[in-house]
Amino acid sequence: MFRIGIGNDIHRLVAGRPLVLGGVHIESDRGSEGHSDGDALTHALADAVLGALCEGDLGVHFPDSDPQWKDADSMQLLARVVWLAHERGFEIGNADAMVMLERPKLREHVDAMRENLAQTLNVDTTQVSVKAKTGEGLDAVGRGDAVSAQAIVLLQPKSTE
Ligand SMILES: [Zn+2]
């Protein structure tokens, strides 16, 4: 009756692009390269929901080749995936995510991300966890070249009330 899914995502950071994570616009001299708004955190969560449904990944549902998704608001992609879960008789039980960025520090934005994501996931903020980490100066995240995210989501049968 319960379903669990995992998702991850990484985007290159480049000048002249906005940095959006969990639907929060973050002040930064570099942002996510990508076809949509490049919101790695929201993409990882959406992939986790799709994984729990055994419905492939975001690339299947929202292909890069489709101009409809150019600069798309990733919250809308997540909303569609949540709608799909509802169609299959599920709602979100809880979600846990990590977002990895070297700078700027994300801690002060975490609560706003949780609120945005909870609203789109149709749950209370207490059911959505976001943890911000750095790459400790190592790897692509640590060098400041990338932002990455991982997420895990539990789906439960939709309540009938
Ligand atoms: Zn992505």
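Here the structure is a predicted model, which is why all the values come from computation and not from measurement. (Residues numbered from 1 in each chain as written. Predicted model: local features only at pLDDT ≥ 70, side-chain atom pairs only at ≥ 80, totals over all residues. Heavy atoms only, no water.)

**Q** Is there a simple way to think about the coordination of the zinc ion in this case?
**A** Ideal geometry at a metal gives 109.5 degrees between four tetrahedral donors and either 90 or 180 degrees between six octahedral ones. The coordination sphere of the zinc ion, as far as protein atoms go, consists of D9 (OD), H11 (NE2) and H43 (ND1), spread over 2.0 Å. Donor residues for the zinc ion, ordered by position in the chain, follow D-x1-H-x31-H. Of this pair, H11 sits in strand β1 (residues 3-15) while H43 sits in helix α1 (residues 40-52), placing them 32 residues apart in sequence. (Donors = N, O, S within 2.8 Å, 3.2 Å for Na, K, Ca; no water. Helix = DSSP H or I, 4+ residues; strand = E, 2+ residues; numbered from the N terminus.)

**Q** How do you make sense of the side chain of T42 when you look at a structure like this?
**A** Looking at where T42 falls in the secondary structure, it is placed in helix α1. Once you skip the residues sitting within four places of it in the chain, T42 turns out to touch G22, G23, S74, M75, L78 and L117. (Contact = heavy atoms within 4.5 Å.)

**Q** For this particular structure, what's the right way to read α1?
**A** For an α-helix, 3.6 residues make a turn, and residues three or four places apart therefore share a direction. A rise of 1.5 Å per residue sets the reference length of α1, with its 13 residues, at 18 Å; its end C-alpha atoms lie 18 Å apart and thus fit the reference within 8%. A large share of α1 lies buried, amounting to 12 of its 13 residues. Considered for burial, the residues of α1 that qualify are A40, L41, T42, H43, A44, L45, A46, D47, A48, V49, L50 and A52. Just downstream of α1 lies C54, where phi reads positive at about 55 degrees. (Expected span 1.5 Å × (residues − 1). Buried < 20%, exposed > 50% of the residue type's maximum accessible area, 1.4 Å probe, protein only.)

**Q** Got a minute to help me understand the pairing of strand β6 (residues 128-133) in this structure?
**A** Both faces of the sheet carry side chains from a regular strand, because those side chains alternate between them. Sheet topology places strand β5 (residues 90-100) next to β6; 6 bridges connect them, and they run parallel. Within the sheet, the bridge partner assigned to D96 lies in β6 and is S129. Considered for its hand, the β-α-β crossover made up of β5, helix α4 (residues 110-121) and β6 is right-handed. (Pairing = 2+ DSSP bridges. Right-handed = clockwise from strand over helix to strand, strands pointing away.)

**Q** Just to check I follow, could you spell out the sheet that holds β5 for this structure?
**A** Here 5 strands make up an open sheet; going across it, the order is β4-β1-β7-β5-β6 and the pairing mixed. At either margin of the open sheet sits one strand with a lone partner, and together these are β4 (30-32) and β6. When strand polarity is set aside, the average angle formed by the axes of neighbouring strands in this sheet is 20 degrees. Lying on the sheet, α1 is in contact with β1, β5, β6 and β7 (146-157); it crosses β1 at an angle near 155 degrees. Sheet strands in contact with α4 are β5 and β6, and its direction is about 145 degrees off that of β6. (Axes fitted to C-alpha atoms, helices over the stretch in contact; angles between N-to-C directions.)

**Q** Can you help me understand the nonpolar core in this one?
**A** Note on soluble globular proteins: their nonpolar side chains tend to be buried together. The biggest cluster of nonpolar side chains holds 46 residues, and the ones touching the most others in it are L21, L41, L117 and L121. Where this core is concerned, the elements lending two or more residues are β2 (19-21), β3 (24-26), α1, α3 (74-87), β5, α4, β6 and β7. The element best represented in this core is α1, accounting for 9 residues. (Core = buried A, V, L, I, M, F, W, Y, C linked by side-chain atoms within 4.5 Å.)

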